[in-house]
Amino acid sequence: QVQVVESGGGLVQAGGSLRLSCAASGSIFSIHAMGWYRQAPGKQRELVAALTGDSSANYADSVKGRFTISGDNAKNTVYLQMNSLKPEDTAVYYCKADGVRTGYYQADYWGQGTQVTVSS
């Protein structure tokens, strides 16, 4: 059984910062990539940032220069440092672990989501 748990969301004023954390736990042999997605009301879920096992990172254009993704492969954790937050960053942020191998089985897993609200 694999669990993905996020933490660190909350309410912040525009221009402020938040740090999200995500940890995958269970009988995990390896993880191909971990990333952050977000979904605002009435909108589709979108990729915010992702980090592969070789520490390659990619970002949505809307967050480049403001958000930084980092991780610890040994601990199956990933973080998202969000600076210069804008009201349009308000959304539920989800962590996803891609290509999680547990023995002979491989699958993707989502966390339950954490709310980020940026007030103007």
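Not measured: the values here are computed from a predicted model.

Parameters at a glance
- Residues numbered from 1 in each chain as written.
- Predicted model: local features only at pLDDT ≥ 70, side-chain atom pairs only at ≥ 80, totals over all residues.
- Heavy atoms only, no water.
- Helix = DSSP H or I, 4+ residues; strand = E, 2+ residues; numbered from the N terminus.
- Rg over C-alpha atoms; globule rule 2.2 N^0.38 Å.
- Buried < 20%, exposed > 50% of the residue type's maximum accessible area, 1.4 Å probe, protein only.
- Contact = heavy atoms within 4.5 Å.
- Lys, Arg positive; Asp, Glu negative; His and termini not counted.
- Charge placed at Lys NZ, Arg CZ, Asp CG, Glu CD.
- Disulfide = S-S within 2.5 Å.
- Pairing = 2+ DSSP bridges.
- Axes fitted to C-alpha atoms, helices over the stretch in contact; angles between N-to-C directions.

1. Details of the overall build of the protein chain
Link 1 in the chain: Helix and strand counts for the protein chain come out as zero helices and eleven strands.
Link 2 in the chain: What you see in the protein chain, going N to C, is helices and strands ordered as β-β-β-β-β-β-β-β-β-β-β.
Link 3 in the chain: For the protein chain, the C-alpha radius of gyration of 14 Å lies close to 14 Å, the compact-globule estimate for 120 residues.
Link 4 in the chain: In the protein chain, which comprises 120 residues, the share counted as buried stands at 42%.
Link 5 in the chain: In the protein chain, once contacts between residues fewer than 6 apart in sequence are set aside, the share between residues at least 24 apart is 55%.
Link 6 in the chain: Across the protein chain, 10 positive and 9 negative side-chain charges occur, with their mean positions spaced 2 Å apart.

2. A short note on the state of the cysteines
Link 1 in the chain: Counting across every chain of the model gives one disulfide.
Link 2 in the chain: Residue Cys-22 pairs covalently with Cys-95 via a disulfide, S to S 2.0 Å. Here the disulfide of Cys-22 and Cys-95 is left-handed, its torsion about the S-S bond being about -80 degrees. Of this pair, Cys-22 sits in strand β3 (residues 18–25) while Cys-95 sits in strand β9 (residues 91–102), and the two are 73 residues apart along the sequence. The exposure classification of Cys-22 matches that of Cys-95, with both residues buried.

3. A closer look at the sheet that holds β3
Link 1 in the chain: If you walk across this open sheet you meet the four strands as β1-β3-β8-β7, and the pairing is antiparallel. The outermost strands of the open sheet, each flanked by one partner alone, are β1 (3–7) and β7 (67–72). Direction aside, neighbouring strands of the sheet carry axes that sit 15 degrees apart on average.
Link 2 in the chain: Pairing of β1 with β3, which is carried by five bridges, proceeds in the antiparallel orientation. What sits directly across from Gln-3, in β3, is Ser-25.

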